[in-house]
Amino acid sequence: MIRSDSRLDRVLHEGIFAVTAEVVPPRSADRDGVTEQARGLVGYADAVNVTANPPGSVHMTPVAGSAMVAAAGLEPVMQLTCRDRNRLGLTSDLLGGWALGARSVLCITGDPTSLGDHPDARGVFDLDVLQLIGLVAGLRDDGRSLSGHELRPAPRYFIGVAEVPLAERSDPGRLERKADAGADFVQTQIVYDVDAFGEWADAVRPRGIFERMFVLAGVAPPRSAGSARYLRDHLPGVVVPDSVIEVLEAAGPDAETAEGIRLTVEIVGRLRDVEGIAGIHVMGLGNEDPVRRVVDGAGLLPRPAFI
């Protein structure tokens, strides 16, 4: 397979435990918010996701956000959703994103529009996520669009997907099909229950998932017991053990954030012991400082430098 020009690709293929984070473009035309988020993560993450209209609400396009992240000195992982574009729009964004500095892409279905600020908006879904992965892989490996049109030069993206391993109806077969379609790496939903995550890893290991894709486990430092409960109750596949909430409550309001970071550092340490895990995806939930503190506390600095 043709290798991409992605820094994240190089980090993972060198066997270095990878760190990704995320930048959320604003709900406005102000570029400063993107730049400030990106600058706050330089030196702490190997690449950062540039999100696409989360959670089904209008934000600045991730194509523009990716250009700003690249200009700030970070590698963007441009998110693309099946929800927002047909195959023409998706292909255009892939070409434009590459030209503006994106070298990795995360292919996702997209949050339901019913959750966002335009609940009556119609999702596009011209392609499903497997077909979107195939589109990106075809551009990279064959230099051709879905129509068969030859593109020179063609973008050679490092292709990522998302997974919710602890969801009630988690289907390891679907993750295999994403690998079949051309996916290179997977970022998971937030992990608080490492034991349950380890059981999932044991279940998918015989399927060769860890040989076929790099698996990055999602983590997010909870700000408080209340925020941990919210994540447990509202985000599908987020399992928060009662013990986590009890520890945060016992810390008291003045120490909950620090305790959340300590707990997350501990979780990262345990995740590194799970056979096959290639890195972590740290979600700051709108704040870069906890991301920096987790990466530092987990002993993941300095990040590797590549020319």
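Use the structure listed above.
To start, this report covers the structure provided alongside it. (Residues numbered from 1 in each chain as written. Predicted model: local features only at pLDDT ≥ 70, side-chain atom pairs only at ≥ 80, totals over all residues. Heavy atoms only, no water.)

Along the protein, the regular secondary structure elements total 12 helices and 8 strands. Here the C-alpha radius of gyration of the protein, 19 Å, is about what a compact globule of 307 residues would show, namely 19 Å. Counting only C-alpha atoms and orienting by the principal axes, one finds that the protein spans roughly 60 × 45 × 45 Å. Within the span of the protein, comprising 307 residues, buried residues form 54% of the whole. With an accessible surface of roughly 13500 Å², the protein has 49% of that area assigned to carbon and sulfur atoms. Of the side chains in the protein, 31 bear a positive and 43 a negative charge, and the two mean positions are spaced by 5 Å. (Helix = DSSP H or I, 4+ residues; strand = E, 2+ residues; numbered from the N terminus. Rg over C-alpha atoms; globule rule 2.2 N^0.38 Å. Buried < 20%, exposed > 50% of the residue type's maximum accessible area, 1.4 Å probe, protein only. Areas by Shrake-Rupley, 256 points an atom, 1.4 Å probe, with all protein chains shown as cover. Lys, Arg positive; Asp, Glu negative; His and termini not counted. Charge placed at Lys NZ, Arg CZ, Asp CG, Glu CD.)

Among the 5 residues in strand β4 (residues 104-108), 5 count as buried, and that is most of the element. The alternating pattern of β4 places S104, L106 and I108 and V105 and C107 on opposite faces, both of which are buried. Where strand β3 (residues 76-81) and β4 come together, 5 bridges link them in parallel fashion. Paired with T81 across the strands is I108, a residue of β4. In terms of handedness, the path from β3 via helix α4 (residues 87-99) over to β4 forms a crossover that is right-handed. Across 4 bridges, the pairing between β4 and strand β5 (residues 158-163) is parallel. Residue pairing in the sheet places S104 in a bridge with F158 of β5. Note on the crossover from β4 through helix α5 (residues 129-142) to β5: the handedness is right-handed. (Pairing = 2+ DSSP bridges. Right-handed = clockwise from strand over helix to strand, strands pointing away.)

Considering all chains together, one arrives at 23 salt bridges under this definition. Here D184 and R140 are joined by a salt bridge, their closest N and O atoms 2.7 Å apart. On the criterion of sequence distance, the pair formed by D184 in the loop between α6 (172-181) and β6 (185-190) and R140 in helix α5 is long-range, its members being 44 residues apart. The residues D184 and R140 share a single accessibility class, namely buried. With its nearest N and O atoms 3.7 Å apart, the salt bridge here joins D289 to R293. One end of the pair, D289, and the other, R293, are both in helix α12 (residues 288-297), 4 residues apart, so they sit about a helical turn from each other. Relative accessible area serves as the criterion here: at 32%, D289 is assigned to the partly exposed category. Its relative accessible area of 37% is what places R293 among the partly exposed residues. A network of salt bridges, in which partner residues are shared, links R7, D46 and R303. (Salt bridge = Lys/Arg side-chain N within 4 Å of Asp/Glu carboxyl O.)

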